[in-house]
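Chain and residue survey
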Amino acid sequence: MFKRNAMSAAVLACLTAAAVPALAQQQLERVEVTGSRILSVNAESAAPIQVMTAADIKASGVTNLQDLLLKNPTFGTPSISRTNSNFSTSSAGVSTVDLRNLGVDRTLVLVNGRRYVSGVPGSMAVDLNTIPTDFIERVEVMTGGASSTYGSDAVAGVVNIILKRNFEGVNMDASVGQSQKNDDTLKKFGITFGTNAADGKGNIMAHFAVSKQGAVYSRDREASAVDQISTSALTGEASDIFKVKRPFYSSFAPQGRFFYTSPTGAKTSRTFDANGNLIPFSSNGPAGDGVGATGFNRSAFRTIAIPTDRVLMATKGDYALNESHTLFFEGTYANTKTFTHLEPFPLDSSVNVTPGGGNIPAETLVNGVKVANPLIPPALLALMTDRNGDGLKDYNFTRRMSDVADRTQSANRDTFRVVGGAKGDLTKSWSYETYVGYGFTREGQVGTGQINVMNLYNALNVIPDAFGNPICVSADARKQGCVPANIFGANTLSAAAAKYINAPSSLNTSVSQKMAGASVTGDAFDLPAGPVGVAAGFEWRKEASATNFDALTQSGLNGGNALANTAGQYSVRELFVEAKLPLLKNLPAVKNLDGLLSYRHGDYSTVGGTNSWNSGLDWAVNSTVRVRATRAVSTRAPNIGDLYQGASQTFPTGLKDPCSGLLPTDTGVKADTCKSYPGVVANMAANGKFLLSQADLQGISGFGGGNPKLKSEQGKSTTVGLVLTPKSVDLLKNFTFTADYYDISIDRAINSPGRAYSLDQCFNKGNQAYCGFITRRTAVQGAYSVGSLEFISDNPVNSGGQKARGIDFTSSYAERVGPGMLTARLTWTHLLDAWNKPTDDADKDTSLGEVGNSRNRWMLNLGYASGPWAVNTTTTYIGKAYLDDQFMNGLCNTDANNVCQPALKEQGKVAAKAYFDLQGSYKLGKAQLYAGVNNLFNTKAPPIISGLPGNTTGAETDAGTYDAIGRRYYVGVRMSY
């Protein structure tokens, strides 16, 4: 088993992450601490570092490291997790982390101080699914810029995962669990073994694990079982934000909805009841309460947590050639399988089949004679007229294609990484390390439920043959297997027709990383206060990524988003140097004062030269008080997705049309901008004011892609901290307290302005530059109204900047109480400021205190162990939050004079939440039995419902920030030999 020595004692005690400081020390050795490459007997750091140990992982019972890290208040809402990626085009179920909510690509994840291959195409984000938790010794989390030490991406900080070393023996861990709703099932088994060479010169370790995490469906949680929407999305009133319109079914129904113009010129629609009778369409029922509803409940198909299966293998070893030189290697292989599931495809013939508002023919001229589609029920055919002037009846329709298939994606993801190298001593005070590494992530994904719109067009153009049987009009299509499609009613498609129009999708992605490096570290010369430690070296790295969709997906001919292929690569060569300067020692009020200087120069094949530097001071006033400070400039070069991502379509949620409810007589910037769109004017002329349908609210789309003109961004960070370790006071000898102020600002930040920001800038501020990103419909398109929002594009730019500023407090204590040991650790983050500027001249868009960025978050760990018994608890607190201010700017408090008054911040308040986890264990010989409950009190997630910013589709809350699953249980056993 890994033995605690001076390194672990110093890291755990001085860096304030352990509940129990090491009580004994062995012979001092020179060690490396996250944030520095200098080996030193003093493991104290000028930068704030928090540590989570293998004991913390065990006490949490987590299967995935992400689940533990997200409890720590330094981490924000991840961009991808099991609970917020059901609608992701790729990388669903990947586990990422985001320090300070500054973006996953600004958090550098390392394994044993070296880079790890990305799990997300086009990004540098590491998939924590691929790192076995049972193989981890500890995780060190450092705040602030560290690019001068580790290179690009370490703008917000570093997560350094340290694997076990010199392990000898066998450990096994098996557990099962589920939620109180009998879902979110868990099955996990892992085994770790290690042995030393007979001559004591080497050690080899290996790990194997399998885990299965089951799905959680929206229909199985009361809060998300039925389609709903914030009433404010319908009224524009701030007082309606948390008023729920339920049901709010989709107007795309399995039985179809058929639009036509009656002989009187009225535009109307009809649908079918369960018996095939023609009836009016009513999405939510005549009274809006779901009784007599003809709409479709999408929530019955959606997923809150996607099922994830993992197979993990890892190995690590070293062999001493002699006393001075050692060879080492690390290897990892992970296979992850995920399955996403959502409702069947919503097809609009005017958008998907005949784009631009075209119609479907109900009649066809055959030898000069009008012939009707025999599949159209006579009662519906009798209502249709000629709408395009060709003398033939026509129609358009919307339909949920449930008799084809649900939309699903099955992903199979492989990650492989190997690192090998040599390290050792050049002299008594100089050491070296050199390494090479290679890694890749490959994903294959197949999907169901999309529609081949070209085949569907042929299948909708139908005439009777000589015997009265329906056939496709096109002879060429018939030769290619065309089968007429009966879309008139629920489940009316034949199996052959469904097969003909089905469009299976595929996606293949690859990410690769090649790297090499060498460094030396040692004592350059002596100062009166001690030797000057120096480290220097070089690193080379090449990153490549590719994403390839099937042909129909690329062209948008499968009814869904048009998604372009992406491919790109870059390489970088870097030189770095670092020095640790002992400035003063053993003076009044100065036990020791050390300075830190580091510098790195990088040469990128994409953006050219970059420079990063770091300076720091570590001042030990005495054995009780330490003061530490750093100032750093970090860089992040644009990644492959930032630069080369192909234009891809998406359907964003939580957007509010600023023109909603506008009257022709209204004046002002917003009114003038809205009226500059001909479609808005036409809508008001037809309705008396600008009205939107349910489909309009659910049908906003947009495109996003890369920007090859991006430059590198620059982060500037400052940290100042105080460490108290009053070991001279007997009652407090095992007490540690830290307070660290951090200020991270990013210039030329690579960000997308955001669609809500573009809407606000265009319509509320009159900024025409942002109006260019927005497209409104110029005519009625099927279920969509004239003037409604159609596309809002969003691409990355070097923005005006971004900032996160706050204070971290940590406190740990251990004391023998009664027959056992009591341990406590509190980690609290108080956010002081957070904003981004989409452009240089834009106003700051604050996110301070908004959902996912609460001012106050804390985590409290309590433990008590006595003999074979142990109990551990974790309380996670997420402070109150508010909805996005840009969203609030689009709402009104309409006064008695029908004048729009600004929405109040408090009207968008989201309540604070606390989650309590409990685990108990009992040692029985070489076994340890354990059982636990997560979210013991079944704390409900706050209602951040559809139509509100931060909503995770299918969860009716922000499922990346809050627990949308509920109480969960697990039991397990660990064996050690």
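All values derive from a computational prediction rather than experimental measurement.

**Let's talk about the state of the cysteines**
Inspection of every chain in the model, using the stated rule, returns 4 disulfides. With its sulfur 2.0 Å from that of its partner, C762 forms a disulfide with C771. Its S-S torsion of about 100° marks the bond between C762 and C771 as right-handed, since a negative value means left-handed. By relative accessible area, C762 is classed as buried at 0%. Note that C892 is cross-linked by a disulfide to C900, the S-S spacing being 1.8 Å. Here C892 and C900 share a disulfide; its torsion about the S-S bond, -95°, makes the bridge left-handed. Given a relative accessible area of 42%, C900 falls into the partly exposed group. Shown here for the protein chain is a disulfide pattern of 1-2, 3-4, 5-6, 7-8, where each number marks a bonded cysteine counted in sequence order.

**Let's talk about the pattern of salt bridges**
Evaluated as defined, the whole model comprises 38 salt bridges. Between D917 and K71 there is a salt bridge, and its shortest N-O distance comes to 2.7 Å. Remark: K71 occurs in the loop between α3 (65-69) and β2 (107-111) and D917 occurs in strand β50 (residues 913-924); sequence separation between them is 846 residues. Residue D917 is classed as buried on the basis of its relative accessible area of 8%. Note that R399 is salt-bridged to D403, the shortest N-O span being 2.9 Å. For the pair shown, R399 and D403 are each scored as buried. One continuous salt-bridge network, built from bridges that share partners, spans R82, D184, D963 and R968.

**Some points on the domain arrangement of the protein chain**
Domain boundaries in the protein chain define domain 1 (34-218 + 305-342 + 420-446 + 508-638 + 710-754 + 795-976), domain 2 (219-304 + 343-403 + 447-505) and domain 3 (648-708 + 755-792). The gap between the C-alpha centroids of domain 1 and domain 3 is 39 Å. Counting residues at the interface gives 26 residues for domain 1, matched by 21 residues for domain 3. Both sides of the domain 1 and domain 3 interface together cover about 1,800 Å² of buried area, and 45% of this is carbon and sulfur. Considering only the side of domain 1, the residues that lose the most area to domain 3 are N561, G754 and Q886, jointly responsible for 26% of the buried surface there.

**Comments concerning the packing of aromatic side chains**
This structure, assessed with the given rule, holds 21 aromatic pairs. Where F258 meets Y395, the ring centres are 6.3 Å apart and the plane angle is 55°; that geometry is what we call tilted. Of this pair, F258 sits in strand β12 (residues 257-261) while Y395 sits in strand β22 (residues 394-400), and the two are 137 residues apart along the sequence. Exposure class is identical for F258 and Y395. Each is buried. With 5.3 Å between their ring centres and 25° between their planes, F296 and F301 make a pair best called stacked. Note on F296: relative accessible area 8%, which makes it buried. Classification of F301 as partly exposed rests on a relative accessible area of 21%. Members of the aromatic cluster, joined through ring pairs, are F258, F272, Y395, F397 and F488. The ring of Y742 has R100 lying over it, and the distance from NZ or CZ to the ring centre is 3.7 Å.

**Details of the UniProt feature "domain: TonB-dependent receptor plug" (unreviewed entry) in the protein chain**
In the UniProt entry, the feature "domain: TonB-dependent receptor plug" (unreviewed entry) is given for residues 44-158. Structurally, residues 44-158 is divided into 14% helix and 19% strand, and its ends, taken at the C-alpha atoms, are 17 Å apart.

**Considerations on a positive patch on the surface**
A cluster of basic residues, R855, K880, K905 and K909, forms a positive patch on the protein surface. Locating R855 in the fold gives a position in the loop between β43 (845-846) and β44 (856-866).

**Things to note about helix α8 (residues 453-460)**
Among the residues making up α8, those that are buried are V453, N455, L456, A459 and L460. One face of α8 carries all of its buried residues, which in axial projection span an arc of 155°. Regarding α8, its N-cap is N452, as a side-chain oxygen of that residue lies 3.2 Å from the backbone nitrogen of M454 further along.

**Re the environment of I945**
As for its placement among the helices and strands, I945 is situated in the loop between β51 (927-934) and β52 (968-976). What makes I945 buried here is its relative accessible area of 3%. Each C-alpha atom, one on I945 and one on E956, is 4.3 Å from the other, the two residues being 11 residues apart in sequence.

**Some points on the UniProt feature "domain: TonB-dependent receptor-like beta-barrel" (unreviewed entry) in the protein chain**
With numbering aligned to this structure, UniProt lists the feature "domain: TonB-dependent receptor-like beta-barrel" (unreviewed entry) at residues 396-936. Secondary structure content for residues 396-936 is 13% helix and 52% strand, and the end C-alpha separation is 52 Å.

**A word on the side chain of R106**
Within the element layout of this structure, R106 appears in the loop between α3 and β2. Judged by relative accessible area, which is 3%, R106 ranks as buried. Residues in contact with R106, not counting those within four places in the same chain, are D153, A154, V155, A156, G157, R636, E713, I746, A749, I750, N751 and Q802.

**A look at the sheet that holds strand β4 (residues 136-143)**
Spatially, the 5 strands line up as an open sheet ordered β1-β4-β5-β2-β3, and their pairing is mixed. Two strands close off the open sheet at either side, each with one partner strand: β1 (49-53) and β3 (114-115). Here β2 pairs with β3 via 2 bridges, running antiparallel. When the sheet's bridge partners are listed, V111 is paired in β3 with R114.

**Topic: unusual backbone geometry**
The step from R246 to P247 runs through a cis peptide bond, and the omega angle for that step is 5°. Relative to the assigned elements, P247 resides in the loop between β11 (244-245) and β12. Phi is positive for N491, which is not a glycine, with a value near 55°. Take N491: it is sitting in the loop between α9 (475-479) and α10 (495-501). For N491, a relative accessible area of 60% puts it in the exposed group.

**Digging into the nonpolar core**
Within the largest apolar cluster, 39 residues are counted, with the highest numbers of intra-cluster contacts made by L65, L69, L128 and I161. Counting only elements with at least two residues in this core, the list comes to α3, β2, β4, β5 (157-163), β36 (735-747) and β42 (820-837). Contact partners of L69, with chain neighbours within four places excluded, come to M52, F75, V97, L128, V139 and V159.

**Digging into the pairing of strand β8 (residues 202-213)**
Across 11 bridges, the pairing between strand β7 (residues 186-196) and β8 is antiparallel. Its bridge partner lying in β8, T192 is registered against H207. Linking β7 to β8, which pair antiparallel, is a turn of 5 residues; within it G200 sits at a positive phi near 75°. One ladder, built from 12 bridges, connects β8 with strand β16 (residues 308-320); its direction is antiparallel. Residue pairing across strands places F208 opposite M313, the latter belonging to β16.

Thresholds applied
- Residues numbered from 1 in each chain as written.
- Predicted model: local features only at pLDDT ≥ 70, side-chain atom pairs only at ≥ 80, totals over all residues.
- Heavy atoms only, no water.
- Disulfide = S-S within 2.5 Å.
- Buried < 20%, exposed > 50% of the residue type's maximum accessible area, 1.4 Å probe, protein only.
- Salt bridge = Lys/Arg side-chain N within 4 Å of Asp/Glu carboxyl O.
- Helix = DSSP H or I, 4+ residues; strand = E, 2+ residues; numbered from the N terminus.
- Domains from an automatic or database assignment.
- Contact = heavy atoms within 4.5 Å.
- Buried area = accessible area lost by both parts, 1.4 Å probe.
- Phe/Tyr/Trp six-rings, centres within 6.5 Å; stacked < 30°, edge-to-face > 60°.
- Lys NZ or Arg CZ within 6 Å of the ring centre and 35° of its normal.
- UniProt positions renumbered as here; feature names shortened; annotations may be inferred.
- Patch = residues over 30% accessible without salt bridge, like charges linked within 9 Å, V, L, I, M, F, W, Y side chains within 5 Å.
- Areas by Shrake-Rupley, 256 points an atom, 1.4 Å probe, with all protein chains shown as cover.
- Lys, Arg positive; Asp, Glu negative; His and termini not counted.
- Charge placed at Lys NZ, Arg CZ, Asp CG, Glu CD.
- Arc of directions from axis to C-beta.
- Polar contact = N/O pair within 3.5 Å; in protein donor to acceptor, adjacent residues only side chain to side chain.
- Pairing = 2+ DSSP bridges.
- Core = buried A, V, L, I, M, F, W, Y, C linked by side-chain atoms within 4.5 Å.

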